[in-house]
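Residue-level structure breakdown
Spelled out, the chains give:
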Amino acid sequence: MKKFLFPAVLSLAAAVTLNAAVVATVDGDAINDSDISALLSAAMPGFDASKLQPNEKKRIIDDLINRKLLLKDAKATGIEKDVDYIKAVKAAQEGIAVELYMRKLFDGIKVSDSDLRDFYNKNKASMNQPAQARARHILVEDEKTANDIIAQLKNLKGEALTKKFAELASQKSIDKGSAAHGGELGWFGQSQMVKPFADAAFSMANGTVSTKPVKTQFGYHVILKEDGKAAGTVSFEQAKPEIEQAVKMEKFQAAVRQKSEALRQKAKIEYK
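Residues numbered from 1 in each chain as written. Predicted model: local features only at pLDDT ≥ 70, side-chain atom pairs only at ≥ 80, totals over all residues. Heavy atoms only, no water.

1. A short note on the overall build of the chain
Along the chain, the regular secondary structure elements total 9 helices and 9 strands. In terms of overall dimensions, the chain has a C-alpha envelope of 80 × 60 × 35 Å along the principal axes. Here the chain holds 272 residues, and 28% of them are scored as buried. Pairs at least 24 residues apart make up 68% of the contacts formed inside the chain by residues separated by at least 6 positions. As displayed, the chain offers around 17900 Å² of accessible surface, 53% of which is attributable to carbon and sulfur atoms. If the 42 positive side-chain charges of the chain are averaged to one point and the 35 negative ones to another, these points end up 4 Å apart. (Helix = DSSP H or I, 4+ residues; strand = E, 2+ residues; numbered from the N terminus. Buried < 20%, exposed > 50% of the residue type's maximum accessible area, 1.4 Å probe, protein only. Contact = heavy atoms within 4.5 Å. Areas by Shrake-Rupley, 256 points an atom, 1.4 Å probe, with all protein chains shown as cover. Lys, Arg positive; Asp, Glu negative; His and termini not counted. Charge placed at Lys NZ, Arg CZ, Asp CG, Glu CD.)

Take a look at the structure:
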């Protein structure tokens, strides 16, 4: 499916609170999980803070501790009375005011089902979804280990196969990212995987395990093909959430232009 790219006009986002648990204190001033989430939201929008590894979380907490200490020292120097500080605060306040104002305008935009269907019909030709596969894999370093795993999975089917595969993936796969989820890779297109892996996965029947190890530059893979989707046009219902955002954004941009023009007509504007 063709992706719609929306303008980043609503950049102000509230941080996701992670139970607001205290992770450290600095001279009695608490640092919470929500502070971690806020920092990540600014640096990596959309990243799930709950997926941080312990060492990564520790580094972020240390950064937050340093910020607290630097802030305390900055205030002690009287920075809040500095002219540049006062100008910066004013600029930030004005920016926040505009952001919140724009967000309220956006939230007030309504779209009808007929608006969405009109957009879908006009753009249907571009809403093509390539063939996809959903699979799990176990990645090992040598062919013998891969064949031993295949032998352990032989004759298993359905839920029993998935359960055993997930167990072996967590124990033996050197791809630790997917191993933590039973080897799950989710849905992917053929071009998203290296060719030997993709060729094998897309040629397999749903609910089957590769009969021989699949060799790539990463090692030897044992693949469980869970499901597949043929290429085709995305249905209206599938595309509806994304279309709704696109149509809403179009209406929002038009509303902003209209509002700006009305305000300009009332204002005394002089170019100098």
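2. Re the UniProt feature "domain: PpiC" (unreviewed entry) in the chain
When the UniProt feature table is mapped onto this chain, "domain: PpiC" (unreviewed entry) is found at residues 130-227. Each end of residues 130-227 is marked by a C-alpha atom, and these two atoms are 14 Å apart; helix forms 40% of the span and strand 30%. (UniProt positions renumbered as here; feature names shortened; annotations may be inferred.)

3. Things to note about helix α3 (residues 83-107)
Between its first and last C-alpha atoms α3 spans 36 Å; for 25 residues at 1.5 Å apiece the expected length is 36 Å, and the two agree. Where α3 begins, the side chain of D82 points an oxygen toward the backbone nitrogen of D84, at a separation of 2.7 Å. (Expected span 1.5 Å × (residues − 1). Polar contact = N/O pair within 3.5 Å; in protein donor to acceptor, adjacent residues only side chain to side chain.)

4. Notes on unusual backbone geometry
For D27, which is not glycine, the phi torsion reads 50° and is therefore positive. Residue position: D27 is located in the loop between β1 (22-26) and β2 (29-32). You will see that N155, though not glycine, has its phi angle at about 75°, which is positive. Within the secondary structure, N155 sits in the loop between α5 (143-153) and α6 (158-172).

5. As for the packing of aromatic side chains
Across all of its chains, the model carries 4 aromatic pairs by this definition. Measuring from centroid to centroid gives 5.4 Å for F106 and F252, while their planes differ by 80°, and the two rings are edge-to-face. In this pair, F106 sits in helix α3 while F252 sits in helix α9 (residues 236-266), placing the two residues 146 residues apart along the sequence. Across the pair, exposure class does not vary: F106 and F252 are buried alike. (Phe/Tyr/Trp six-rings, centres within 6.5 Å; stacked < 30°, edge-to-face > 60°.)

6. What about α9?
Here α9 is 31 residues long and its end C-alpha atoms lie 43 Å apart, about the 45 Å a rise of 1.5 Å per residue gives. Buried residues of α9: F236, A239, E242, I243, A246, V247, K248, M249, F252 and V256, and no others. Packing partners of the buried residues in α9 comprise α3 and α4 (113-123).

7. Comments concerning the packing of α3 against α9
Helix-helix packing is described using two parameters, namely the angle between the two axes and the distance between the axes. Taken N-terminus to C-terminus, the directions of α3 and α9 make an angle of 125°; their axes are 9 Å apart at the nearest point. Taken together, α3 and α9 sit at an angle that is classed as oblique. Crossing geometry of α3 relative to α9 is assigned as right-handed. Between α3 and α9, the residues in contact are Y101, M102, L105, F106 and D107 and Q245, K248, M249, F252, V256 and K259, respectively. (Axes fitted to C-alpha atoms, helices over the stretch in contact; angles between N-to-C directions. Parallel < 35°, antiparallel > 145°, perpendicular 65-115°, else oblique. Left-handed = near helix turned anticlockwise from the far one by under 90°.)

8. Examining the domain arrangement of the chain
Once the domains are mapped, the chain shows domain 1 (14-76) and domain 2 (126-230). Just the C-alpha atoms count here: the centres of domain 1 and domain 2 sit 37 Å apart. (Domains from an automatic or database assignment.)

9. Concerning the pairing of strand β8 (residues 219-229)
On any regular strand, side chains alternate: one points to one face of the sheet, the next to the other face. Relative to β8, strand β4 (residues 132-140) runs antiparallel, the two being bridged by 9 bridges. Bridge pairing links R134 to D227 in β8. When strand β6 (residues 208-209) meets β8, the two strands line up antiparallel, connected through 2 bridges. In the sheet register, T208 faces β8, and the bridge partner there is K225. In this structure, strand β7 (residues 214-216) lies alongside β8, joined through 3 bridges in antiparallel fashion. Residue pairing in the sheet places T216 in a bridge with G219 of β8. Count of turn residues in the β7/β8 antiparallel hairpin: 2 residues. (Pairing = 2+ DSSP bridges.)

10. Quick notes on the nonpolar core
Counting residues in each nonpolar core, the largest one holds 14 residues, and the members touching the most others are I138, V140, I149, L153, F165, V209 and V222. For this core, the elements supplying multiple residues, two or more each, are β4, α5, α6 and β8. (Core = buried A, V, L, I, M, F, W, Y, C linked by side-chain atoms within 4.5 Å.)

11. Description of the pattern of salt bridges
Any two side chains of opposite charge can pair, given that their charged atoms come close. Under the counting rule described, the total for this entry stands at 16 salt bridges. Linking D33 and K57 is a salt bridge whose minimum nitrogen-to-oxygen distance equals 3.3 Å. Of the two residues, D33 is situated in helix α1 (residues 33-43) and K57 in helix α2 (residues 54-76); the sequence distance between them amounts to 24 residues. Measuring nitrogen to oxygen at the nearest pair gives 3.5 Å for the salt bridge that ties K164 to E167. Here K164 pairs with E167, and both are found in helix α6, just 3 residues apart, close to one helical turn. Overall, the relative accessible area of 34% leaves E167 in the partly exposed class. Each of the salt bridges in this network shares a partner with another, and the network as a whole consists of R134, R136, E184 and E226. (Salt bridge = Lys/Arg side-chain N within 4 Å of Asp/Glu carboxyl O.)

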